[in-house]
Structure formats: C-alpha cells, structure tokens
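Residue-level structural notes
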There are 2 protein chains.
Amino acid sequence: MWKPDRSSNEPLYQQIADDIERRISYGEFPPGSLLPSERKLADQLEVNRSTVVLAYAELRALGIIESRTGSGTRVSKYKWGATPKHTPNWHRYVEGGSFLPNLTFLRRIREALQKDKSLIDFASGELGADISPVKEINTLIDENHYTEYLGYDDPQGFVPLREALVSYLSQYRGIQTTESSILITSGSQQSLYLITQCLLTPGDAVAIEDPSYCYSLPMFQSAGLRLFRLPVDQQGVRPEDVRTLYKKHRIKMVFINPNYQNPTGALLDAERRIELLNVASELGLPIVEDDPFSLTSYDGTPPLPLKSIDSIGSVLYIGSFSKIAASGLRVGWMVAPHSVVERLADARQQMDFGLSVVPQKVAAQFFKSPYIQSHLDRLRMHLLYKRDLLIEALRNELPGLVSFSIPQGGLHLWCKIIPEVNDSKLLEEAIRNGVIFVPGSVYGSDSGYVRFTFARPMADEIVPGVSKFASSLRSVLA
Amino acid sequence: MWKPDRSSNEPLYQQIADDIERRISYGEFPPGSLLPSERKLADQLEVNRSTVVLAYAELRALGIIESRTGSGTRVSKYKWGATPKHTPNWHRYVEGGSFLPNLTFLRRIREALQKDKSLIDFASGELGADISPVKEINTLIDENHYTEYLGYDDPQGFVPLREALVSYLSQYRGIQTTESSILITSGSQQSLYLITQCLLTPGDAVAIEDPSYCYSLPMFQSAGLRLFRLPVDQQGVRPEDVRTLYKKHRIKMVFINPNYQNPTGALLDAERRIELLNVASELGLPIVEDDPFSLTSYDGTPPLPLKSIDSIGSVLYIGSFSKIAASGLRVGWMVAPHSVVERLADARQQMDFGLSVVPQKVAAQFFKSPYIQSHLDRLRMHLLYKRDLLIEALRNELPGLVSFSIPQGGLHLWCKIIPEVNDSKLLEEAIRNGVIFVPGSVYGSDSGYVRFTFARPMADEIVPGVSKFASSLRSVLA
C-alpha cells in the first residue's frame with residue numbers, strides 16, 4: 001500500500017491529498033462513495049490523525065470531497081460531473097449477492113495480520129516457514145523444466161499428480177484407489193465448496209462436529225444448509241448422535257475431521273470409527289471425511305482414515321497438501337465414486353475452468369521425490385517441539401487460568417479460559433499487545449475458548465507470544 | 001486410463017474382468033452402481049465389444065455384477081455384502097445439487113477430445129502450443145528461485161503481480177488504476193462467477209450479448225439470473241437495446257465482450273462505446289467488460305477498453321492471461337471499485353482459500369520481462385496467418401455453402417452454414433472424421449452456425465481439418 005514519503009520536501013498532508021485525488025480519478029473511490037475515516041486512514045498511512053484532517057480539509061476546499069456529520073466523508077458527485085450521471089450504487093450491489101460475507105472475527109484477524117507484520121501469529125492455520133519444505137520445493141522447481149505446453153488442464157486434474165496420489169494414498173493412508181476416482185482441487189476448502197454446491201440442495205440438513213471449523217465457513221449457510229451439531233469429546237463424535245440426528249432431521253450428509261480434529265485436536269476412537277461406518281451404511285448416509293492432519297502424528301504412527309476401512313463406498317475422502325507441506329501451493333484432492341468425481345469436476349470447470357498445471361506438477365514431483373518421508377519426519381519432530389513450548393509457556397504464565405487436553409497430532413491447541421472472559425475484548429487487547437489467535441466462538445463454541453496454532457509462529461516466538469497473551473488476558477480480567 | 005496389456009499371456013477379457021473387480025473393490029463403482037455399457041467400455045479400452053461381453057460374463061458368473069435387460073449392468077449388492085447395508089444413493093446426490101451441469105454439447109466435446117488425441121481441434125478456445133510463449137515461461141521459471149515461504153496468499157492476490165498489472169494496464173490498455181483496485185482471479189471464468197454469486201441475487205435480470213459465450217456457462221442459470229439478449233451486429237451491441245431492456249425488465253447488470261467478441265469476432269463501434277457508457281451512467285447501470293482478446297488485434301493497434309474512458313466508475317473490467325499467453329497458468333484479473341474488490345476477495349477466500357502463488361509469480365515476471373512485447377507481435381502475426389489459412393480453406397472446400405465476416409482480431413471465426421443443417425448430426429459426423437468444433441447453438445444462436453477456433457490447431461492442421469469438416473458437412477447434407 002502507498003505510504004507518504006517522509007524524505008520529500010512536499011508536506012505529508014499534501015502528498016496524502018494528491019494520492020486520494022489520484023485514487024478517486026482512477027475510479028477506486030467512485031463519486032458518492034465513502035472514504036476511510038480520518039482515524040482509519042491515519043492508521044493505514046502511519047501518520048498523525050491531524051495530518052489526515054488537513055489533507056481532507058484541502059480536498060474539501062477543492063470541492064473534491066464533502067463531509068456531513070454522521071455520514072462521514074464522501075467523494076463529491078458534483079466535482080466529478082456525476083450529475084445527472086449516476087455511478088452504479090455499488091454499495092447496494094456489494095450488500096446484495098447470495099453469497100454470505102466472511103465472519104467478522106476472521107475479517108478482523110486478516111485485517112490485523114495484513115496491517116501489522118510483527119504480530120506473533122497463533123491464528124493462521126498453516127505451517128510456519130521453519131517447518132514448510134520450502135527448500136525441497138524450490139529444488140524441485142529448479143531441477144524441473146516446464147517444457148510442455150500450458151493449455152487448459154484435465155477437468156479432474158493433472159493426470160501425473162493423480163497417478164502420484166494413487167501410490168501416496170496407498171502407501172501413507174491405506175486407501176486403495178485409481179486415478180479416475182480422484183479429483184484434484186485447490187484445497188480442502190474447494191472440495192467442501194463443491195460438495196455443498198453440487199451434492200446438496202438448499203434446505204438440506206447436514207451434521208457437523210461441535211466445535212468445528214465448518215462454523216468458520218459461511219459457505220454452509222450460503223448453500224442454504226441446515227446445520228446440526230455432533231458434540232466432540234476426547235474420543236471424537238458419538239455415532240449414536242448421528243442416528244438421532246437422522247431420525248429427527250433426516251440429515252443428508254455428515255462432515256467429520258476424525259484425525260486431530262480442528263480445533264479440538266481430538267482423535268476419533270477406533271471402535272467409534274467402525275460404529276460410525278455401520279450407522280452410515282445402515283442409513284445409507286454419506287460421510288465427508290476431511291483428513292488434513294493425520295500425517296503430523298507426533299509418535300510417527302498416523303491413524304488411518306475411515307476411507308481405508310470403508311467397504312461399501314460411504315465415504316468422500318478429502319486430503320490436502322496445505323497442512324503437511326505448503327498452503328500457498330493450493331493443492332488438494334478428493335477420493336469419491338466416479339459419478340461424484342465427474343459431477344464435481346464438471347461444476348468446477350464452470351466456476352474457475354480448472355486448476356493451474358504448475359503447482360500440480362510441483363506437488364506430483366514432491367510425492368514422487370525422496371523428500372516426502374524425511375520432510376514428514378522432520379515436521380513431526382518440530383510440531384512436537386513447538387507444542388511443548390506452548391504448553392510449558394501456558395502453564396508457567398497462566399497457572400489455574402487455562403485448561404486444555406494435549407493433542408497427539410495436528411497444528412492446534414484448543415484452550416479453555418477458566419474465568420469468564422469476553423472473546424472480542426480479549427482479541428483486541430491481544431492484538432494491541434502484538435499477538436493474535438482465533439477465538440473459539442468462530443468454531444461455534446461458547447465464549448472463553450482459544451485456538452492456538454503453534455505450527456505457524458517461529459519456535460522462538462512462542463514463549464514471548466504466550467506472555468503477551470497472558471498479560472492481555474490479565475488486563476481484560478482485571 | 002488403464003488399458004489391457006496385449007503382450008501379456010493372460011487373455012484380454014480376463015485382464016478386463018480383473019480390472020473391473022479391482023475398481024469395484026476400491027469403491028470407484030459402489031454396490032448397485034451402473035457399469036459402462038459393453039459398447040462404451042470396448043470403446044474406452046480399444047478392444048472388440050465381444051471381449052467386453054466375455055469379461056462381463058465372467059464377472060456375472062462370479063456374482064460380482066448383474067445385468068437386467070433395459071437397466072444395464074450393475075455391481076451386485078449381495079456379493080459385496082451391501083445388504084442390509086446401504087451404499088449412499090450417489091445417483092440421487094449427483095442429480096441433486098443447486099449447481100447446474102455443463103451443456104451436453106460441451107461435455108460431448110470434452111469427452112471426444114479426451115478420448116481421441118488425434119482430433120483436429122477447432123473447439124478449444126485457447127492458443128495452440130506453436131503460439132503460446134512456452135519457452136519464455138520456462139526460461140522465467142528456470143531463472144527464478146522460489147526461495148520464499150509458500151503460505152496462504154493475500155486474498156486480493158499476489159502483491160507483486162498486482163503491481164506489475166498497474167503498469168501493464170496503463171501501458172497496454174489505457175487503464176489507470178492502483179494495486180488496491182485489482183483482484184487477481186484464476187481467470188475470466190472465476191471473475192464472472194464471483195460477480196454472479198456476490199453482486200447479484202436470484203431473480204435479478206441481466207443483459208448479455210446474443211450470441212454470447214455466456215450461454216455456454218450454466219453459471220448464470222445456476223445463480224438464478226434472468227437473461228435478456230442484446231443482439232450483436234457487425235458493430236457490436238446497440239446501446240438503445242440496453243435502455244429498452246432496462247425499461248422492460250429493470251436489468252441490473254450488462255455483460256459485454258466489446259473487442260473481437262466471442263464467438264462473432266465483432267468489434268464494438270467507437271460511437272456506440274460512448275453511447276453505451278452514457279446509457280449506463282444515465283441509468284446507474286454497471287457494465288461488466290470482459291476483454292480477453294484486444295491485444296491480438298492483427299494490425300497491431302488494439303482497441304482500448306470501455307474502462308479506459310469510464311469517467312465515473314460504471315465498468316467492472318475483466319482481463320486474463322489465458323487468451324494472450326497460457327490458459328494453463330490460470331491467471332486473470334478484475335479492476336473494480338475497492339468495495340467490490342474487497343467483497344469478491346472475501347467470498348473467494350471461502351470458495352477456494354485463494355490462489356497459488358507460483359503461477360502468479362510467473363505471470364508477474366512475464367509482464368515485467370522484455371518477452372511480452374515480442375511475444376504479442378509474434379502472436380498477432382501467427383493468428384493472422386492461421387486465420388487466412390482457415391478462410392482460404394473454407395472458400396476452396398465449401399464455396400457457396402458457408403458465409404462469415406472476417407475477424408480483425410481474436411482466436412475465432414464465426415461461420416454460418418447456408419443450407420439447413422442439424423448441429424448435433426454435423427458434430428458427430430465431424431468427430432467421426434477426425435475434426436471438432438463448437439456448434440453455434442452453444443452460444444445461444446440458431447442451429448447452423450459453427451465457431452472455428454483457428455488459434456488452437458497447428459498451422460499445418462488447418463487445411464486438412466477444414467477438408468474433414470467439409471466432407472462431414474457434405475455427408476450430413478446428402
């Protein structure tokens with residue numbers, strides 16, 4: 001983003017006024033549109049509010065903008081010859097639209113992370129630079145020559161990647177499949193989006209875990225689905241609850257995250273897995289299994305997915321490159337009956353005309369390379385180390401104030417704040433103190449829970465991050 | 001796809017039977033699901049139908065599959081112990097879903113192209129390998145080191161690419177903008193999808209060109225929009241028609257493709273452009289301008305987009321890397337008021353959690369490299385050459401049977417078949433003869449039009465392709 005040049009002889013307020021005039025003339029702020037408040041702009045440009053006040057005064061004097069108390073500062077319509085012409089009422093268009101905006105908390109977190117790069121980030125659900133296979137991926141890109149023609153890709157995804165996944169899934173996840181049963185997606189998010197858009201209709205009832213990252217995805221509401229809760233305990237969801245929800249609400253699909261569940265870290269109990277599949281087959285109910293974390297199992301023995309013991313094809317299996325390697329590559333996959341794969345591939349063609357070949361090629365090479373096993377071993381050890389740093393810091397800094405169960409895999413720690421606390425007050429105070437996390441209410445839980453992603457910050461940020469969090473909590477409780 | 005091994009001692013039918021049993025056991029074909037017809041499977045595996053008949057007989061004997069006359073061949077439920085267990089009725093799920101499937105013609109074309117790689121392809125709307133900057137892109141990938149961490153990208157897209165686009169758009173398209181007004185998408189398709197999902201609501205009326213590639217996108221119907229037609233003549237759409245549609249149906253948005261329109265190749269007349277913007281501003285009506293082809297202008301003087309003369313911000317501008325460089329990279333962009341960019345970026349986060357950084361980085365480098373100008377010059381010359389090859393061949397092969405106007409830019413020739421002809425008969429006959437195209441009815445026109453994409457086939461395929469097309473047409477007319 002543009003910032004005024006402090007070394008210039010031109011006064012800051014003048015530089016700011018010129019920049020705003022330029023943006024208006026480019027159509028970034030059409031006539032009649034609202035400009036940022038003086039405080040917000042001062043914040044963005046890192047100048048005193050009084051400087052922005054001056055810049056706005058300058059523009060008002062020129063008739064370029066106009067301020068009315070209460071309604072803020074707007075681009076003047078007259079100056080820009082917009083009468084009798086009318087700029088489209090973009091506000092109305094933006095407010096409309098069938099697709100729901102993201103949750104306020106998530107927008108706030110994104111905005112804070114974009115603004116202040118120095119924040120210690122316990123919020124982003126991804127691997128940090130220290131444990132992502134950056135070197136390996138670069139080596140693969142360097143060693144490889146993309147000599148082939150880059151035309152539109154196969155709607156189901158790049159064939160060599162699907163072939164590489166057939167052996168990867170068999171070797172690492174106990175899933176026997178064929179390349180024609182695999183759909184490459186840009187990640188678990190796209191897999192879920194395609195399922196909610198193409199296999200379900202508005203008004204359908206579905207069961208999701210409570211708490212669950214699904215609550216952080218307005219896509220479920222955007223698709224007009226009715227959501228019913230499957231409470232998650234230490235051993236995951238209870239299969240009986242699925243039967244009950246089916247009887248009560250005729251749920252049409254079950255979404256679960258059985259291995260190191262996001263956010264709780266719970267591992268679905270072995271007997272419950274079998275029982276869950278029995279209930280599903282008894283009711284003819286599809287299960288969507290999202291399995292991003294299992295290979296992070298700290299003891300090196302990853303739990304096998306439901307899909308590996310699904311004898312009759314009840315399970316749609318979702319996997320991803322993001323949580324074990326690189327979220328920025330945007331590569332995920334789904335294993336499903338061929339008719340489902342075809343339907344979803346066809347719909348995806350219409351939404352984005354398919355995926356870029358380059359990242360798929362990199363992922364295919366990674367799976368075929370010797371790097372994968374050594375990377376996974378290294379990843380597990382680092383995650384365990386970071387987890388323990390976080391746990392120790394929480395115990396030292398907040399004895400008696402927090403409680404949590406210790407995850408055996410995954411990127412997150414799910415932490416209960418024992419005294420009553422207001423999520424948004426705590427978040428704002430933490431941001432002020434230089435640390436950020438995701439409040440549990442984003443995942444549909446009550447106020448007073450925190451998801452710490454220990455995978456994202458560098459190891460040496462964890463202890464300072466927790467003390468910043470601790471002082472934020474204490475000051476909110478005080 | 002798997003094919004039987006003709007060198008093996010094991011009889012073909014046995015290999016096929018084993019493969020089908022394997023796929024069934026993997027869940028690709030769940031119990032009760034329909035298997036491909038004997039003819040279709042024989043086709044796919046390139047064996048005689050009698051071989052497949054034998055393979056199916058073998059599996060029937062083992063009770064693995066069952067055939068009932070009329071209802072085809074299905075996977076047996078008993079054999080697979082699926083009773084009293086129930087596999088989800090995937091068929092019902094696949095048939096349901098709010099998102100509409102692709103048009104039959106397009107699915108047929110895709111299927112034919114996947115099956116027979118030797119087809120001469122006048123159907124795929126993209127550049128062929130001979131005119132795509134494959135070498136340049138590979139050089140950029142090789143020269144560059146992706147040393148940075150691959151985390152989730154900025155929701156609006158990779159900042160260096162947006163910065164590169166600011167100068168590209170100013171230098172090549174006469175559009176002045178800032179990186180904060182740009183949304184990077186995976187291509188024009190995703191841009192349109194985001195607009196229809198986020199800025200419009202079911203029941204809204206919109207105006208699209210007739211004929212138009214928009215008719216090839218069920219996304220418009222999936223979004224529940226009511227489509228009204230703006231007939232396209234030699235000079236493009238008539239601004240008066242927009243006013244009429246507004247009065248009649250209160251259209252909320254206009255979608256146009258003013259430069260070398262797809263499929264007609266029409267170039268919107270200069271005076272009509274100004275009039276169109278006047279009508280839009282008079283009615284406060286947003287115009288979505290898709291501008292993929294303008295830089296292909298054969299005379300080297302690309303028409304400027306509406307956006308470059310849009311003084312009040314009525315135009316949402318859509319651009320893409322696909323039609324001028326590489327469709328397989330999946331990089332596109334939108335220029336819009338900031339509030340629109342923010343809304344669409346937010347929604348896109350929920351659909352696919354953003355784009356891969358790698359292709360965006362390649363595109364940014366391409367725009368900043370010296371390659372772009374020389375590539376565009378070369379591209380124009382090759383397209384002109386291919387266009388002329390196509391025109392000459394059509395005139396030689398089908399005198400008096402076809403008529404068309406000569407495009408001055410773009411990848412397509414829009415051709416009317418003078419005698420009455422059935423689109424699907426012609427398409428099937430052409431596929432049998434080794435050539436493929438898109439029937440005009442896909443774009444909402446009457447039967448008897450053909451879109452030839454001369455950019456896609458190699459130059460030396462064009463003349464043989466046309467004679468295959470000609471003999472197909474003659475035999476259908478006969």
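Read on for an overview of the structure. No experiment lies behind these values; they were computed from the predicted model shown.

Reading guide: rules and limits
- Residues numbered from 1 in each chain as written.
- Chains lettered and ligands numbered in written order.
- Predicted model: local features only at pLDDT ≥ 70, side-chain atom pairs only at ≥ 80, totals over all residues.
- Heavy atoms only, no water.
- Helix = DSSP H or I, 4+ residues; strand = E, 2+ residues; numbered from the N terminus.
- Buried < 20%, exposed > 50% of the residue type's maximum accessible area, 1.4 Å probe, protein only.
- Lys, Arg positive; Asp, Glu negative; His and termini not counted.
- Salt bridge = Lys/Arg side-chain N within 4 Å of Asp/Glu carboxyl O.
- Polar contact = N/O pair within 3.5 Å; in protein donor to acceptor, adjacent residues only side chain to side chain.
- Contact = heavy atoms within 4.5 Å.
- Least-squares fit on C-alpha atoms with pLDDT ≥ 70 in both.
- Core = buried A, V, L, I, M, F, W, Y, C linked by side-chain atoms within 4.5 Å.
- Buried area = accessible area lost by both parts, 1.4 Å probe.
- Axes fitted to C-alpha atoms, helices over the stretch in contact; angles between N-to-C directions.
- Parallel < 35°, antiparallel > 145°, perpendicular 65-115°, else oblique.
- Nonpolar A, V, L, I, M, F, W, Y, C, P; charged D, E, K, R; others polar.

A few words now on the side chain of B:Glu209. Residue and element names in this part refer to chain B. As for its position among the elements, Glu-209 is in strand β5 (residues 205-210). Of the side chains with opposite charge, Arg-273 lies nearest to the buried Glu-209, which makes no salt bridge, at 9.2 Å. A polar atom in the side chain of Glu-209 sits 3.3 Å from the backbone nitrogen of Asn-257. Sequence-distant contacts of Glu-209, defined by excluding residues within four places in its chain, comprise Tyr-215, Leu-230, Val-232, Val-237, Phe-255, Ile-256, Asn-257 and Gln-261.

For the rest of this paragraph, the subject is the side chain of B:Ser327. Within the element layout of this structure, B:Ser327 appears in the loop between β9 (315-320) and β10 (332-335). If sequence neighbours within four positions are ignored, B:Ser327 has contacts with A:Leu150, A:Gly151, A:Tyr152, B:Glu126 and B:Ser322.

What follows concerns the relation of the copies chain A and chain B. Laying chain A over chain B is done by rotating through 180° and shifting 0.0 Å along the axis; what remains is an RMSD of 0.0 Å. Here the transformation between the copies is reduced to the relation of a two-fold axis. In terms of proximity to the rotation axis, the leading residue of chain A is A:Asp142, whose C-alpha is 2.9 Å off the axis. In this assembly, 99% of the residues forming the interface of chain A have copies in chain B that are likewise at the interface, indicating an isologous arrangement.

Ranked by internal contacts, the top residues of the largest apolar core, which has 234 residues, are A:Phe321, A:Trp333, B:Phe321 and B:Trp333. With residues up to four places along the chain from it excluded, the contact list for B:Phe321 reads B:Ile137, B:Ala326, B:Leu329, B:Val331, B:Trp333, B:Ala363, B:Phe366 and B:Phe367.

Residue and element names in this part refer to chain B. Tracing the backbone through its elements, the reader meets Leu-183 in strand β4 (residues 182-185). Take Leu-183: its relative accessible area is 1%, and that puts it in the buried class. When the C-alpha atoms of Leu-183 and Ala-336 are compared, they prove to be 8.0 Å apart, with 153 residues separating the residues in sequence. Apart from the residues lying within four places of it in its own chain, the contact partners of Leu-183 are Pro-155, Gln-156, Leu-194, Gly-332, Trp-333, Met-334, Val-341, Leu-344, Ala-345 and Arg-348.

To continue, consider the interface of chain A and chain B. By a widely used convention, the size of an interface equals the accessible area lost when the partners come together. With 108 residues of chain A at the contact, the number on the chain B side is 107 residues. Both faces considered, chain A and chain B share a buried interface measuring about 8900 Å² in area, 55% of it formed by carbon and sulfur atoms. Viewed at the interface, chain B and chain A are joined by 2 salt bridges. B:Asp346 is the salt-bridge partner of A:Arg110, the closest N and O atoms lying 3.7 Å from each other. Among the elements of the structure, α1 (12-26), α4 (90-95), α5 (104-115), α6 (134-143), α8 (188-198), α11 (270-283), α12 (338-352) and α13 (357-368) of chain A are those that each provide at least two residues to the side of chain A that touches chain B.

The next thing to look at is the packing of α5(A) against helix α15 (residues 423-432) of chain A. Residue and element names in this part refer to chain A. Closest axis-to-axis distance for the α5/α15 pair is 12 Å, and the angle between their directions is 5°. In terms of their interaxial angle, α5 and α15 are classed as roughly parallel. Residues Phe-105, Arg-108, Ile-109 and Ala-112 of α5 pack against Asp-423, Ser-424, Leu-427, Glu-428 and Ile-431 of α15. Among the residues forming the contact of α5 with α15, the class breakdown is 5 nonpolar, 1 polar and 3 charged.

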